[in-house]
Amino acid sequence: MRLKIVGSAAGGGFPQWNCNFRLSRAARAGEPGFLSRTQSSLAASADGSGWVLFNASPDIRQQIAATPELQPAPDAPLRSTPIRAVVLTNADVDHVAGLLSLREREPFAIYASRRVLDVLAANSIFNVLDPALVPRRLLPPGETVAIRDAQNRETGVSAESFSVPGKIALYLEDSSRPDADFGSEAGDTIGVRIAAGAGRSAFYVPGCARIDERLRGRLDGAACLLFDGTVFTDDEMISAGVGQKTGRRMGHLAMWGENGSVAGLSGLKIGRRVFVHINNTNPVLDDTSPERAALRAAGWDVAHDGMEIVL
Ligand code: MLT
Ligand code: MN
């Protein structure tokens, strides 16, 4: 199986359009060690010709332009795409807005949890993707699903979804229910185990609020883990002076610290550990930062756009 990280940044990308924090400024200035990154998306292929996207980011047009594998083959029909299906892990803007750029009457299939399918159904703008051409299919939790294209042909890629501690999309938060995590329910945020046939699998968890024993048990023995790397420390946006929210408030646990993901996932047998969905305030976006060195020492890599992993 081939995995391509087509977008490695969190919502907003890096640099973010309105951000003047030192990291975005350095990326904008082209300083060495500050790679620009587009918003969160992953592509997987069993055969190198058909691809399944995991999340459709607002940067999808730019991402396809930068990824020959996702472009129509020169000898393909006049209108065509190697993108056979899109699997959604939540309904956040950075994961669904790209669907709107995939209009043009091109068949492919959409897979998501019931909660996320309901969000698409409730927003009529997504009808630019005519369900007769772009079927919307349920990804039932705990089941290994063979991902099929719009015509029901197998892509060779399978996905098993599982609910992870997370949060409902920002624009759907119920502010009258802060104690109930703003109305979040199971299925608002999922992780997926991605495989091709009986080969080794990868876990893709771009959003996760907490690590519990259940998640640790699931990830133990994984060949590859692509995990929520939004913030390095929980209060990072506040100390950077760019916002009021903690990582936790946004449904993302920090990389570092006692309750962070590096500590929370230590001791597990995982072949390759890679952080994805990196926010523009995260100091690891500076390749030469001590935080980046600390991750490296702990066995973690930080994704960049175009990174390829072969399993
Ligand atoms: C998130 O991951 O928390 C969201 O993408 C935030 C957002 O929608 O901007
Ligand atoms: Mn996001």
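Reading the values: rules and limits
- Residues numbered from 1 in each chain as written.
- Chains lettered and ligands numbered in written order.
- Predicted model: local features only at pLDDT ≥ 70, side-chain atom pairs only at ≥ 80, totals over all residues.
- Heavy atoms only, no water.
- Helix = DSSP H or I, 4+ residues; strand = E, 2+ residues; numbered from the N terminus.
- Rg over C-alpha atoms; globule rule 2.2 N^0.38 Å.
- Buried < 20%, exposed > 50% of the residue type's maximum accessible area, 1.4 Å probe, protein only.
- Pairing = 2+ DSSP bridges.
- Axes fitted to C-alpha atoms, helices over the stretch in contact; angles between N-to-C directions.
- Donors = N, O, S within 2.8 Å, 3.2 Å for Na, K, Ca; no water.
- Disulfide = S-S within 2.5 Å.

## Observations regarding the overall build of the protein
Then, in step 1: Of regular secondary structure, the protein possesses eight helices and 14 strands.
Then, in step 2: Relative to the 2.2 N^0.38 estimate, which gives 19 Å for 311 residues, the radius of gyration of the protein is 18 Å and therefore close to what a compact globule would have.
Then, in step 3: Summarising its shape, the C-alpha atoms of the protein cover approximately 50 × 45 × 40 Å along the three principal directions.
Then, in step 4: The buried share among the 311 residues of the protein stands at 54%.

## Notes on the sheet that holds strand β9 (residues 190-196)
Then, in step 1: The sheet built from seven strands is open, its strands ordered β7-β8-β9-β10-β11-β12-β13 with mixed pairing. Both outer strands of the open sheet, β7 (144-148) and β13 (300-302), are each paired with one neighbouring strand and no more. Adjacent strand axes in the sheet meet at a mean angle of 25°, parallel and antiparallel pairs treated alike.
Then, in step 2: In the sheet, β7 pairs with strand β8 (residues 154-163) via four bridges, with the strands oriented antiparallel. Residue pairing in the sheet places Thr 144 in a bridge with Glu 160 of β8.

## Here's the deal with the coordination of the manganese ion (ligand 2)
Six octahedral donors around a metal ideally subtend angles of 90 or 180 degrees, whereas four tetrahedral donors ideally subtend 109.5 degrees.
Then, in step 1: Protein ligation of the manganese ion (ligand 2) involves Asp 94 (OD) and His 277 (NE2), the donor distances falling in the range 2.1 to 2.2 Å. Highlighted residues: Asp 94 in helix α3 (residues 93-96) and His 277 in the loop between β12 (272-276) and α8 (290-297), separated in sequence by 183 residues.
Then, in step 2: Given the relative accessible area of 5%, Asp 94 is considered buried.

## Details of the state of the cysteines
Then, in step 1: The final tally for this structure, using the stated rule, is zero disulfides.
Then, in step 2: This cysteine, Cys 208, is not joined by any disulfide, and Cys 224 carries the nearest cysteine sulfur, 16 Å off.
Then, in step 3: Accessibility expressed as a relative area gives 0% for Cys 208, which makes it buried.

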